Each structure stands twice: as structure tokens, then as C-alpha cells.
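An overview of the molecular structure
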Amino acid sequence: MAMNYAQENIYVLVFIRLFGLVSMIASGFIIRDITRKLYSRPGAFLKKVSLTQSILIVLSIGDFGGAFFVQFISTWMVPFHSQLLGSVGSQQSCVAQGFLSTFFYSLSGLSNASLAVAYCLIVRLGWKDKDKSKNRLPFVLTPFLISLVLAIAPLFGSNYNYNGGYSCYISGYPAGCEFDPNPQETCTRGAQARNMLLVAGLIPTLVAFFILTVAVVLLIHAVLVQERRMDQYQRAGRSRKMTMESFYQGMFYIGAFAISWIPWLVYGFKEYIFASVHKPSYYVMLAVTPLHGVMNAGVYFRPRLKAERERNPTDSTCKSLMQVLHIKCCCNRKSKEGAGDTPVITTDQQTEDDAERGNEKKIQTNALAGDPKTATINLEAAQNAEIGSEKKVITSS
């Protein structure tokens, strides 16, 4: 944005790039986890990607690209004449950074909303996530096209410039000139950047957050209605287990978006309305925005990590996390008493595929019958089916 808060402080730059790198790694784990599931076995043909998987891939690409071009690249694309530490770019690279940051972060935010809407429709309308009759293009292509339009719009009027911080974004040049009473005279570039920031940055993010919240609330309500219908068949009284699971997962999903983007929205609207904000607001926004990829990864892997911990309560959290992420860890699992000292982890791929297909068919059948157990928003298609097909741990002497 336009406030000149940048200082030649190498520690701040290291901090920004480190957070950007962590977000990129987290987003990469989501993409890796989804793509590895698309192969039934080595050398097999690619499976049909599901609706939610396709949205998750686009969402993670948005997080990865935003973290790379804004936080990790940071000052390297800022024009060298800005005299900012590490600035070795030009005006052309500055425009490119502004364009790419707007595109990727818009793609991430809008894909979050699209994913929430998809899960809501799966639960409320009984859609099957892997049903080939459901068109995936509207859920994937709509965020892409809107993000592209939002990124192109600031090009008219030269609104991508160095913003006085650590990167280039929608701003006037010199930084802050768009807030002057007569920006047409004081700005050499981006005289309309103030209004463009509202139209191409703040409003789309706010709309995405609203759609996401409404979709999650409707999803939780649908699960509650289904569980109420099942009360008459429950011998042990009514149960709201799935409603609470959906509620907690939905709150994590909303919270991941809110923690990452609300500070940016607060900072942006304050700057737009009052033309000035406090320095701490800038650094809070700077710290949490690149963590969006980490937050999404946490929500994505949370249900599986929880199930892994329940299956192997004696394992450390680190071991369980390595198992969920499919990372070979130097620490092996604890062997069962009297079974030997060296545990061996084996995978029978055919058995795993058969289990997945069998559980998936059962889940789809229950969905048609209105079973609320299919309604949990796990941020992963058919999560319950995949839990049953996880790698089994066996021990040998």
C-alpha cells in the first residue's frame, strides 16, 4: 500500500521471506498430497480429479504464487532507484509484481469461497464429489477469470507502482500521492490508485469472505437438520456429533481466512478512508498475510492428523505428522510389546485401492439416504473413505 514504512532493515526482509517460504512449502504439501492420490499405482493412468480436489489445487497454486511473488521475491522486483535494501528491479518488474500479486492472492481468496460453496452443495443437495456429471469448470474457472480481470484493471492508468513498503502493488507514484487533494497534479503514475485499490483489492476480498462464511453456516445447518431427522432412529438418544465436527472444522476454515486477511482489510480500509494508519497495523498485516498457505494446510491436514493420533496414541505428534504428510522420518513407530524392536511400514496398493473404492461407494450410498455422516467439511474430498485406506502399520521381529 502507499504508506512509507519501509526501512533498510535486513531482519525484516529475512522475516518476510522466511514466512513466504514456509507458506510456499505448506501449499506445496497440499498439492503433493492431492496429486499423489490421483495415481492408483506406479505407472497407472491418472484418476479423475474430484470437484473439491480441483478447487484445492487452484487454491494452493494461488497461495504458492502469492507467497512467492510478494513475500519471497519481495524487494528484488522493486525498482532499484527506490534505494530500498535489495531492490534490483525496474519499473517493468514492479508492474509485473503488482499484477502477479493481485492475480494470485485474488485467486486464493476466491477459490476459498468457491470451495466452501462446493462443500455446501455436496451436503445440501446430495452431490457426489467424484460424480463426473457435475461440471467442475464453474468452480475453478470463475475464480480464475475474476482474478484475471481484477489483475488487469489496475494496468489502465499505471496503478502498479512501488507502494512505500517492501513490494509493488496498487499505489500512486510517488508513494502516497493518490491521497493528496489533487492527485492528478502530484502523481506521475497511478493517480486513481486509491479507488482502484478499493475496487480490485478490498471489495473482492470482503465479498469472498462473506460468501465463504455464509456457505459454511448453511453447511453446518444442513448437517444439523439431517441429524435431527435421524434422531428417531437413534436408540441411545439424539446425537450431534457430526454437527459439532462440522462446526469446528468450519470455524477452522473461516478462521484461517480471517486471520490471514482481516488485518489486511482493516489496514486497507483505514488507509482508504483516513489516508493514514499506525505503523503497528502495517507490521501485523505484513506478518499474517503470508501465512494463508500455512493456515489452509493446517485445516486441510487437521482431520487426518486427528485420526492418526487416535489410531496411534503412543506416537509423538511429530511422528503422526510425518505419517500424515507421507514423509519418511528417522524415528520409527514404537513396536508392540513382544513383537520385536524394528517396526516395518508396508503398503499393499491393491488392497488400499479396493478399500478406498468400497468405502467411497458406501459413503455415496449413505449420502443419497441423507446420512449426516457424509456432511463433515474436511477440506478434502471423501475424507472418511481415505482414512480407512491409510497405510497399515505391522511389526516384525
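Heads up: these notes are all about the structure in this document.

A short note on unusual backbone geometry
Across the junction of Tyr173 and Pro174, the peptide omega takes the value 0°, indicating a cis bond. Take Pro174: it is sitting in the loop between strand S2 (168-170) and helix H5 (183-186). The backbone of Ser74 sits at a positive phi, close to 50°, despite the residue not being glycine. By the secondary structure assignment, Ser74 is in the loop between helix H2 (51-72) and helix H3 (91-125).

Examining the environment of Leu145
Position of Leu145 relative to the elements: it lies in helix H4 (residues 137-152). Sequence separation of Leu145 and Phe103 is 42 residues, and the distance between their C-alpha atoms is 9.6 Å.

Remarks on the pattern of salt bridges
Should the charged atoms of two oppositely charged side chains come close, the side chains can pair. In this structure the tally under the stated criterion is 2 salt bridges. Two residues, Asp33 and Arg304, come together in a salt bridge whose shortest N-O distance is 2.9 Å. Taken together, the residues span a long stretch of sequence, with Asp33 in helix H1 (residues 10-37) and Arg304 in helix H9 (residues 292-311) at a distance of 271 residues. When its relative accessible area of 2% is taken as the criterion, Asp33 is described as buried. Its relative accessible area of 1% is what places Arg304 among the buried residues. Put simply, Glu308 and Arg311 hold a salt bridge, and the shortest N to O gap is 2.8 Å. Here Glu308 pairs with Arg311, and both are found in helix H9, just 3 residues apart, close to one helical turn. Residue Arg311 is classed as partly exposed on the basis of its relative accessible area, which comes to 37%.

What to know about the environment of Arg194
Looking at the element boundaries, Arg194 is found in helix H6 (residues 193-230). Residue Arg194 is classed as partly exposed on the basis of its relative accessible area of 25%. Sequence-wise, Arg194 and Glu178 are 16 residues apart; in three dimensions their C-alpha atoms are separated by 5.9 Å. With near-sequence residues (within four places) excluded, Arg194 lies in contact with Glu178, Phe179, Tyr272 and Ile273.

Describing the packing of aromatic side chains
Following the criterion strictly, the structure yields 16 aromatic pairs and no others. When the centroid spacing of 6.1 Å and the interplanar angle of 85° are considered together, the rings of Phe72 and Trp76 count as edge-to-face. Between Phe209 and Phe257, the aromatic rings sit 5.5 Å apart at their centres with planes inclined by 5°, giving stacked as the arrangement. Highlighted residues: Phe209 in helix H6 and Phe257 in helix H7 (residues 241-274), separated in sequence by 48 residues. Residue class for Phe209 comes out buried when judged on its relative accessible area of 19%. Following the ring pairs from residue to residue traces out a cluster consisting of Phe68, Phe69, Phe72, Trp76, Phe103, Phe104 and Phe144. Seen from the ring of Tyr272, Arg194 lies directly overhead, with NZ or CZ sitting 5.3 Å from the centre.

Section: the state of the cysteines
A complete count under the given rule lists 2 disulfides for this structure. Across a sulfur-sulfur distance of 2.0 Å, Cys94 and Cys168 are joined as a disulfide pair. Residues Cys94 and Cys168 are joined through a disulfide that is left-handed, its torsion about the S-S bond being -115°. You can see Cys94 sitting in helix H3 and its partner Cys168 sitting in strand S2, a full 74 residues away along the chain.

Criteria and thresholds
Residues numbered from 1 in each chain as written. Predicted model: local features only at pLDDT ≥ 70, side-chain atom pairs only at ≥ 80, totals over all residues. Heavy atoms only, no water. Helix = DSSP H or I, 4+ residues; strand = E, 2+ residues; numbered from the N terminus. Salt bridge = Lys/Arg side-chain N within 4 Å of Asp/Glu carboxyl O. Buried < 20%, exposed > 50% of the residue type's maximum accessible area, 1.4 Å probe, protein only. Contact = heavy atoms within 4.5 Å. Phe/Tyr/Trp six-rings, centres within 6.5 Å; stacked < 30°, edge-to-face > 60°. Lys NZ or Arg CZ within 6 Å of the ring centre and 35° of its normal. Disulfide = S-S within 2.5 Å.

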